[in-house]
Amino acid sequence: MLVEKQNEIDQLRERIRQLERGAIVDNPNTPTERRRVLLVGIGDDAMLQEDLAQLRRVQATTNIRISRLLPVSKASLERTIERHRAAGTPVKLLHLAVHSGPDGLQFSDGVADGMWLSQHLSGVEIAVLAGCSNDTVADMLRVVPAVVSMREEVNNHDAAMFAGAFWLAVGQGMDASEAFERALQRAPAVVGEFVELHL
């Protein structure tokens, strides 16, 4: 029994040394960390797909896996969120790259206003509304602890750069506030003048 315990201690010490050196260790006795899912809803305008390209980079370098809805509809978003909730793996991270305005977000089957979104986004912990002038919609999403919105019209490239920097920081373990500040440092400076973090 002592020999067995000593072997276990030796294995743990070796694992610590490898981790300190930054080596990736595949230990069959240690379950792999489950990747977090970022549900990405993209509008049917081709220029909105730049967000998807940025988020694929996030997927390649962090523990975040993207799952896309293209084009996103109210029905597909509701169905996907309900499916995950029923399976016990609720959607916690949400990115919506759609045309928007004070009245709501433009999905392929109609406008989703703040009331509709607040009814269906329960369980989501961080949401990015990557569209123009949607801060009034975000104000209604009190069911989501952290929502990023835009107060004005935004260039698609600038919005995608900000979103990529934000989700990269989340994937690296930062909370929404830290990720927001990191994204402000790395995105085009003009975005910082009208992007909002609702907590």
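Source: prediction; values computed, not measured.

Further remarks concern the packing of helix α2 (residues 50–61) against helix α6 (residues 156–171). The geometry of α2 relative to α6 is characterised by a closest axis approach of 8 Å and an angle of 20 degrees between their N-to-C directions. If you check the angle between α2 and α6, you find them roughly parallel. Crossing handedness for the pair α2 and α6: right-handed. Taking contact as the criterion, the partners of E50, D51, Q54, L55, R57, V58 and T61 in α2 are, on α6, N156, H157, A160, M161, A163, G164, W167 and L168.

To continue, consider the side chain of D158. Along the polypeptide, D158 turns up in helix α6. R57 provides the closest opposite charge to the buried, salt-bridge-free D158, at an N-O distance of 14 Å. The residues touching D158, leaving out its near neighbours within four places in the chain, are P188, V190 and V191.

It is worth spelling out the nonpolar core at this point. Of all hydrophobic cores here, the largest spans 34 residues; its most connected members are L38, I126, F162, F166 and W167. Elements supplying a minimum of two residues to this core: β1 (36–42), α2, β2 (64–69), β3 (93–97), β7 (126–129), β8 (146–150), α6 and α7 (176–186). No other element matches the eight residues that α6 contributes to this core. Core analysis: the next-biggest nonpolar cluster, separate from the first, contains 23 residues, L39, L69, V98 and A138 among them.

This brings us to the sheet that holds β3. Pairing within the open sheet is mixed, and its six strands lie in the order β2-β1-β3-β7-β8-β9. The two strands at the open ends of the sheet, each matched to only one other strand, are β2 and β9 (195–198). Recorded for the sheet is a direction-independent mean angle of 15 degrees between the axes of neighbouring strands. The pairing of β1 with β3 spans five bridges and is classified as parallel. Counterpart to V40 in the pairing with β3 is H95. Contacting β1, β2 and β3, α2 crosses the sheet at an angle of about 155 degrees to β2.

Here is what the cut-offs are and how they apply
- Residues numbered from 1 in each chain as written.
- Predicted model: local features only at pLDDT ≥ 70, side-chain atom pairs only at ≥ 80, totals over all residues.
- Heavy atoms only, no water.
- Axes fitted to C-alpha atoms, helices over the stretch in contact; angles between N-to-C directions.
- Helix = DSSP H or I, 4+ residues; strand = E, 2+ residues; numbered from the N terminus.
- Parallel < 35°, antiparallel > 145°, perpendicular 65-115°, else oblique.
- Left-handed = near helix turned anticlockwise from the far one by under 90°.
- Contact = heavy atoms within 4.5 Å.
- Buried < 20%, exposed > 50% of the residue type's maximum accessible area, 1.4 Å probe, protein only.
- Lys, Arg positive; Asp, Glu negative; His and termini not counted.
- Salt bridge = Lys/Arg side-chain N within 4 Å of Asp/Glu carboxyl O.
- Core = buried A, V, L, I, M, F, W, Y, C linked by side-chain atoms within 4.5 Å.
- Pairing = 2+ DSSP bridges.

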